[in-house]
Amino acid sequence: MRRLLLATAAFVIFGAAVVAAGAILFAPEWSGDELRRIQSLSLASLPPLRPDPSNRVSEDPAAAALGKALFFDTRLSANGAISCASCHKPDRQFQDDLPVGHGMGDGNRRTMPIAGTAYFPFLFWDGRKDSQWSQALGPLENPVEHGADRAMVVRLVAAAYRPQYEAIFGPLPDLAGLPEHAMPEGTSAAVAAWNEIPSTRQAEINLAYANVGKAIAAFERTIVPQQTRFDAFASALAGGQKTGANAILNEHERAGLKLFIGQGNCVTCHNGPLLTDNAFHNLALPKATLATDEGRSAVVVKAKADPFNCLGPFSDARPQACSELKFMETSSPDLVGGFRSPSLRGVASRPPYMHAGQFATLHDVLVHYNRAPAAAVGRTELKPLQLTEQQLSDLEAFLRTLDPS
Amino acid sequence: MPKISRRSLFVIIPIAAIVLASGGFAAKMMEGPPSGLDLALSKATEHGAYIASIAADQSPIPVGSIHTWTVKVTTPDGTPAAGVAIAIDGGMPQHGHGLPTKPEVTTDLGEGNHLIEGMKFNMPGWWTLTVSIDGPKGTDKATFNVVL
């Protein structure tokens, strides 16, 4: 009896070992659910870019050409030395590698790359703008970025780009007697000068200023995400070429991908072909400066009231096309300390990370997510991940496959 | 050291194997929705005042894009409920956050149907949607589960 018991126990254990070994050796590397997730992240899943309903020239090549010239024009700045391209460097994914942008002075946020932003419902780290054209107008009047103002910008367009502008948008307003510098918010002199301008004329200047943004947006729409090694891997998998796929991503990179779409929970916020959910999350980040930055919650009221938004007088959209703005969340406690999930395409080659460059390396970012500390302001959704150092290293290896190939 | 009987090994070994295997499996997966979740999209409200039915106007329900739903409210006998004010809210219980947008019931479509605009789910997973109804039969609500 005793021998029988031992023999049976040995048989059960041996059987279990055989089954387990078989499961490891012959199980497909990816489940059906994982394969679907991988394809959902591939650039092949990105739908064609639709025209921006709020910008009637979004698809106009002449507008894109004017926008490109404006993007690189340093005359659109207080010191004649700053253009959009000063911080959005074309050879650096249209960002500047600095913790915070530096124009006329130091900003308080990391410069964001441009590729794919035409798909985003909200722009800037706090999402205070709802279109590329409206976004482009912010830095021009920001004293630490271009330090310009709308009167100066419209004057420059009239002096340097009148034929191109008027061919696209129609006549520029009459600028006779317009102050050199005027804008509704900013230095007291520029604001006082703006308030002297009759409201009908203010509206004409605002329209021309909005058109400058629309031309820049038409150019920025042409900056699109590039194919990566991950995309090549996903295409090979979709075509059933498992061996070919495995020649594109190595074992560590594939392990990292599995964690990215699984235990790491990365894909909850970095989803879709642009690897962003376009939403705002509190990541319990360390403060970049002494001042508290509440992110999304601090700007929602202003974003709703922005005259350059989708529902404003300078938008070309019907109100029905402005759902993101119309139904945006404005009061949830989730918004406090919330910042936009950035696209992870090209992420490995553009440190530092987070909205104020708080982390110098991808490893620092991953360690932060793994630890999930409590939030200093608001509350965070992060939970500790309990990943090993090897798993963090695999995740980092995967993130490096998202660089343009 | 207490002696473990051989008989008990028969129980302990398979249980340990199952626990280890399922633990290892769970660790590899994202946190899934709880099992046995009621996925019915039509149900009586909590106090039985109404029956609420919800449906997305797109199939499959999209992740990442703003879209519309329809909610139908009837009395328990199936009569379309008239004169009701409806609010919609939701979130992800496992993540502790709400909807990324603030959807609203914007249009009375007749026959107890109402259009919900501004719906958006920004990530896959388990979401709840709560329909709150204020009408002639009083206030009541129903919470639905949606897994994307």
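Residues numbered from 1 in each chain as written. Chains lettered and ligands numbered in written order. Predicted model: local features only at pLDDT ≥ 70, side-chain atom pairs only at ≥ 80, totals over all residues.

Okay, the overall build of chain B next. Helices and strands together make up the secondary structure of chain B, namely one helix and nine strands. Listed N to C, the secondary structure of chain B is α-β-β-β-β-β-β-β-β-β in terms of helices and strands. The burial tally for chain B puts 26% of its 148 residues in the buried class. Contacts in chain B between residues at least 24 apart in sequence constitute 57% of all its contacts with a sequence separation of at least 6. (Helix = DSSP H or I, 4+ residues; strand = E, 2+ residues; numbered from the N terminus. Buried ≥ 20, exposed ≤ 12 C-beta atoms within 10 Å, placed from the backbone. Contact = placed C-beta atoms within 7 Å.)

Attention shifts here to unusual backbone geometry. Following proline 351 of chain A, the chain continues to proline 352 of chain A via a peptide bond in cis, the omega torsion being -5°. Note the cis peptide between serine 59 of chain B and proline 60 of chain B, where omega equals -5°. Examined against the element boundaries, proline 60 of chain B turns out to sit in the loop between β2 (51–56) and β3 (67–74).

Moving on, we come to helix α17 (residues 389–400) of chain A. Residues and elements named next belong to chain A. Helix length check: α17, at twelve residues, gives a terminal C-alpha distance of 17 Å against a target of 16 Å (1.5 Å per residue), a fit within 8%. Those residues of α17 that fall on the buried side of the exposure criterion are Leu392, Asp394, Leu395, Ala397, Phe398 and Leu399. Those residues of α17 that are buried are in contact with α12 (251–260) and α16 (362–371). (Expected span 1.5 Å × (residues − 1).)

As a general point, the strands of a sheet are linked pairwise by backbone hydrogen bonds and lie either parallel or antiparallel. All names here are of chain B. Pairing within the open sheet is antiparallel, and its five strands lie in the order β1-β2-β3-β7-β6. Looking at the sheet topology across the chains shown, the edges are occupied by β1 (42–44) and β6 (104–110). Each neighbouring strand pair of the sheet contributes to a mean axis angle of 25°, computed without reference to strand direction. (Pairing = 2+ DSSP bridges. Axes fitted to C-alpha atoms, helices over the stretch in contact; angles between N-to-C directions.)

Below, the discussion takes up the pairing of strand β4 (residues 85–92) of chain B. Residues and elements named next belong to chain B. Pairing of β4 with strand β8 (residues 126–135), which is carried by seven bridges, proceeds in the antiparallel orientation. From the neighbouring strand, isoleucine 88 faces β8, where its bridge partner is valine 131. In the sheet, β4 pairs with strand β5 (residues 97–98) via two bridges, with the strands oriented antiparallel. Of the residues in β5, the one forming a bridge with methionine 92 is histidine 97. What sits between the antiparallel neighbours β4 and β5 is a turn of four residues, in which glycine 96 has the positive phi angle 70°.

Turning next to the pairing of β8 of chain B. Residues and elements named next belong to chain B. As paired strands, β8 and strand β9 (residues 138–147) are joined by ten bridges and run antiparallel to one another. Paired with glycine 135 across the two strands is glycine 138, which belongs to β9. Between β8 and β9, which pair antiparallel in sequence order, lie two residues.

Before going further, it helps to examine the domain arrangement of chain A. All names here are of chain A. Split by domain assignment, chain A resolves into domain 1 (30–46 + 226–295 + 336–400) and domain 2 (61–220). The C-alpha centroid of domain 2 is placed 32 Å from the C-alpha centroid of domain 1. Contact residues are listed per partner, giving 18 residues for domain 1 and 20 residues for domain 2. Tallied by class, the residues present in the side of domain 1 that touches domain 2 amount to seven nonpolar, seven polar and four charged. (Domains from an automatic or database assignment. Nonpolar A, V, L, I, M, F, W, Y, C, P; charged D, E, K, R; others polar.)

Further remarks concern the sheet that holds β5 of chain B. The sheet built from four strands is open, its strands ordered β5-β4-β8-β9 (chain B) with antiparallel pairing. Each edge of the open sheet is held by one strand with a lone partner, namely β5 and β9 of chain B.

Residue and element names in this part refer to chain A. Membership of the largest hydrophobic core comes to 52 residues, with the highest contact counts inside it found for Phe233, Ala234, Phe260, Leu395 and Phe398. Listing elements by their share of this core, those giving two or more residues are α2 (32–41), α10 (229–238), α11 (242–248), α12, α13 (266–269), α14 (300–305), α16 and α17. Take this core: its biggest share by element is five residues, from α17. Two domains each put at least three residues into this core: domain 1 (30–46 + 226–295 + 336–400) and domain 2 (61–220). Each residue touching phenylalanine 260, except ones within four places of it in the same chain, is listed here: Cys266, Val267, Leu395 and Phe398. Cys84, Val157, Ile168 and Ile216 belong to the second-largest nonpolar core, a separate cluster that totals 37 residues. (Core = buried A, V, L, I, M, F, W, Y, C linked by C-beta atoms within 7 Å.)

With that out of the way, let us pick up the environment of glutamate 141 of chain A. Residues and elements named next belong to chain A. By the secondary structure assignment, glutamate 141 is in helix α5 (residues 132–141). For glutamate 141, a count of 20 C-beta atoms within 10 Å corresponds to the buried category. C-alpha separation for the pair glutamate 141 and arginine 254, spaced 113 residues apart in sequence, amounts to 45 Å. Apart from residues lying up to four places away in sequence, glutamate 141 is in contact with Ala148, Asp149, Arg150, Met183 and Gly186.

On to helix α6 (residues 150–160) of chain A, then. Burial in α6 of chain A covers these residues: Arg150, Ala151, Met152, Val153, Val154 and Val157 of chain A. Tucked into the core, α6 of chain A has its buried residues touching α5, α7 (162–169) and α9 (199–220) of chain A.

As a further point, take the confidence of the model for chain B. On average, residues of chain B score 87 in pLDDT, and 79% of them are at 70 or above. The complex prediction reports pTM at 0.89, with the ipTM value standing at 0.85. (pLDDT = per-residue confidence, 0-100.)

To continue, consider the packing of α5 of chain A against α9 of chain A. All names here are of chain A. Interaxial distance between α5 and α9 falls to 7 Å at its minimum, and their mutual angle equals 115°. It follows that α5 is roughly perpendicular to α9 by the angle criterion. Here the hand of the crossing between α5 and α9 comes out right-handed. Here Gln132, Trp133, Ser134, Ala136 and Leu137 of α5 lie close against α9, whose contacting residues are Tyr209, Ala210, Gly213, Lys214, Ile216, Ala217 and Glu220. (Parallel < 35°, antiparallel > 145°, perpendicular 65-115°, else oblique. Left-handed = near helix turned anticlockwise from the far one by under 90°.)

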